[in-house]
Amino acid sequence: MEKLALNGGYPVRAGKIYYGRQWIEEDDIEAVAEVLRSSFITCGPKVEEMERTLEAYTGAKYAVAVSNGTAALHCACLAAGIGPGDEVITTPLTFAASANCILYCGAKPVFADVCPDTYNIDPDSIRAHITDRTKAVIAVDFSGQAVSHKEIREICEKFNLIFIEDAAHGIGTKYDGAPIGSLADLTTFSFHPVKTITGGEGGAVLTNREELYRKLVLAHTHGITHSEALMEEAPHEGPWYYEQIALGYNYRITDFQAALIVSQMKKLDRFVSGRKEIVTKYEEAFSNMPEIILQKEIPESDTCRHLYLIRLNLEKLRCSRREFFDAMAGENVQCQIHYVPVYWFPYYRKLGYELGLCPRAEEIYKGIMSIPLYPAMTDQDVSDVIHAVKKVVENYRR
Ligand SMILES: *Cc1c(COP(=O)(O)O)cnc(C)c1O
């Protein structure tokens, strides 16, 4: 048995590898530089090109580009009309922004539990948490796998709820053959560097519904309109005139970020197949290891994985998750945990949320670990990661 680096052995690789990272090539750099040499570095033609590109890729009727994925969620909540007194159902197994956006609107996040093997929000648990105050559902394509659209759509229609999909992990995934982005009432993307494509920062909201689109446009530019058709006091005084008709924010994205995202969108299909190839290798390597539990897929999801999670079967190991994590770091494979259940954070606890609210999410959290997954990984990187997992398992096997 190979000695763990943690105990004085040799690490499986010399340089650290992290769970995710961007892939920027020369043409991406050129696309950004071109904008910097032009007249418009914000509010220019690249933002519109980004929106049209996202519409073409997803099949959604409307896309609105914004400054980041959190702004996208906030705009989606504003467009959905979420406000004080409302409840919005979401998952605890997500980045905090999926729930924070509900608080931004003065509404109350209600956490539904997740499915025990897919880790996505459980439609039955959504149903169990509906009250006459429920206004919307924010479902997250956790780790890239599509949520159960058919069931969630049925619930939303029956109870007259807005279906918001936080697809920060979900770009490039399809549900029943349809690209994520075209399916929910509102879908949000993030273009943070660990996400499947990046603009440094960046985000977008997509919808098929014109009335929601109009609200999104206002929400991300101060509630100000230049369109005479929307103005309340037209005919106006002169060509300089614009009107603020709602309370909005400055959530605009710059033209050079939009140019980077447009350039990256051209590579999305390549990134998707790169991720899928690595996932296939991981599944082959880990599927017959009783110490590792793999995430299950619903048959409708053709998944572009954003995160690859292994879940430790701690009954079969003589170590804690923390020891496993540290041993992996010792082998120079830096993992990450996605995610601490949102309501465990002190901020949420002070709002009155208690431990034990979603037992399945909490149980899953205790064993999960995200191992490196990004398309720029070399074959050697992938086999190093597999080697490290096997080596650590062997050392701690019961
Ligand atoms: C990254 C992420 C966000 C926030 O996106 P930013 O662009 O970082 O603001 C929201 N939800 C989930 C699930 C995310 O992973």
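Details of the structure are given in the entry above.
The following paragraphs examine the structure supplied in this document. Given the structure is predicted, the values throughout are model-derived calculations rather than measurements. (Residues numbered from 1 in each chain as written. Predicted model: local features only at pLDDT ≥ 70, side-chain atom pairs only at ≥ 80, totals over all residues. Heavy atoms only, no water.)

1. Quick look at the overall build of the protein chain
Scanning the protein chain for helices and strands turns up 13 helices and 15 strands. The C-alpha radius of gyration computed for the protein chain amounts to 22 Å, which stays within 12% of the reference 21 Å derived for 398 residues, consistent with globular compactness. Seen through its C-alpha atoms, the protein chain measures out along the principal axes to roughly 80 × 55 × 40 Å. Burial statistics for the protein chain: of 398 residues in total, 58% are counted as buried. By element, 52% of the accessible surface of the protein chain is carried by carbon and sulfur atoms, the whole surface being about 17,300 Å². (Helix = DSSP H or I, 4+ residues; strand = E, 2+ residues; numbered from the N terminus. Rg over C-alpha atoms; globule rule 2.2 N^0.38 Å. Buried < 20%, exposed > 50% of the residue type's maximum accessible area, 1.4 Å probe, protein only. Areas by Shrake-Rupley, 256 points an atom, 1.4 Å probe, with all protein chains shown as cover.)

2. Things to note about unusual backbone geometry
Put simply, H338 and Y339 share a cis peptide bond, and its omega is 0°. With respect to the element layout, Y339 can be found in the loop between α10 (321-330) and α11 (346-350). Positioned with a positive phi, Y119 is a non-glycine residue whose angle comes to about 70°. Within the fold, Y119 resides in the loop between β3 (108-111) and α5 (123-128). You will see that N332, though not glycine, has its phi angle at about 70°, which is positive.

3. Considerations on the site of the ligand
The ligand sits among 16 residues. The nearest are G69, T70, D166, S190 and K195. Taking G69, its main chain carries an N or O atom lying 2.7 Å from an oxygen atom of the ligand. Here an oxygen atom of the ligand sits 3.3 Å away from a polar atom, N or O, in the side chain of Y339. Protein burial of the ligand: of its 380 Å² of free accessible surface, 92% is covered by the chains. Listing elements by their share of the shell around the ligand, those giving two or more residues are α3 (69-79) and α4 (97-104). The element that contributes the greatest number of residues to the shell around the ligand is α3, accounting for 3 residues. Looking at the shell around the ligand residue by residue, the classes come out as 6 nonpolar, 8 polar and 2 charged. (Near = heavy atom within 4 Å. Polar contact = N/O pair within 3.5 Å; in protein donor to acceptor, adjacent residues only side chain to side chain. Nonpolar A, V, L, I, M, F, W, Y, C, P; charged D, E, K, R; others polar.)

4. Structural notes on the side chain of T198
Mapped onto the elements of the fold, T198 is located in the loop between β8 (186-190) and β9 (203-207). At a separation of 2.7 Å, a polar atom in the side chain of T198 contacts the main-chain carbonyl oxygen of F191. Beyond its immediate sequence surroundings of up to four residues, T198 is in contact with Q22, I24, F191, H192, P193, L260, I261 and Q264. (Contact = heavy atoms within 4.5 Å.)

5. Description of the nonpolar core
What tends to happen in soluble globular proteins is that the nonpolar side chains get buried as a cluster. Y282, F286, I310 and F324 are the most contacted members of the largest nonpolar core, which has 56 residues in total. Broken down by secondary-structure element, the contributors of at least two residues to this core are α9 (268-286), β12 (292-294), β14 (308-312), α10, α12 (359-367), β15 (368-371) and α13 (379-396). Here I310 is in contact with F286, I292, I293, F324, G367, I368, M369, I371 and V389, once residues within four sequence places are set aside. In terms of nonpolar packing, the next biggest core, distinct from the first, is built from 27 residues, C77, A107, I162 and L216 among them. (Core = buried A, V, L, I, M, F, W, Y, C linked by side-chain atoms within 4.5 Å.)

6. Here we look at the pairing of β3
Both strand β2 (residues 87-90) and β3 contribute to a ladder of 4 bridges, which runs parallel. Directly across from E87, in β3, lies its bridge partner K108. As for the winding sense of the linkage, the β-α-β connection from β2 through α4 to β3 is right-handed. (Pairing = 2+ DSSP bridges. Right-handed = clockwise from strand over helix to strand, strands pointing away.)

7. So, the environment of G170
Counting through the fold element by element, G170 comes out in the loop between β5 (162-166) and β6 (174-175). Since its relative accessible area comes to 0%, G170 is described here as buried. Spatially, the C-alpha atoms of G170 and H306 are 7.3 Å apart, while their sequence positions differ by 136 residues. Apart from the residues within four sequence positions on either side, G170 is in contact with D141, G144 and I180.

8. A short note on the state of the cysteines
Across all of its chains, the model carries 0 disulfides by this definition. For the unlinked cysteine C75, the closest cysteine sulfur is that of C77, found at 9.5 Å. Owing to a relative accessible area of 1%, C75 belongs among the buried residues under this scheme. Cysteine C105 is unpaired, with the sulfur of C77 as its nearest cysteine sulfur at 4.7 Å. (Disulfide = S-S within 2.5 Å.)

9. Notes on the sheet that holds β5
Here we have 7 strands laid out as an open sheet, ordered β1-β9-β8-β5-β4-β2-β3, and mixed in their pairing. Both edges of this open sheet fall to β1 (62-66) and β3, since each of them pairs with a single strand only. Averaged over all pairs of adjacent strands, the angle between their axes in this sheet comes to 20°, without regard to strand direction. Bridge count between strand β4 (residues 134-140) and β5: 5 bridges; the pairing is parallel. Looking across to β5, one finds that A139 is bridged to E165. Along the sheet face, helix α2 (residues 45-58) touches β1, β8 and β9 and points at about 135° away from the line of β1. Running at roughly 150° to β5, helix α6 (residues 149-159) makes contact with β4 and β5 of the sheet. (Axes fitted to C-alpha atoms, helices over the stretch in contact; angles between N-to-C directions.)

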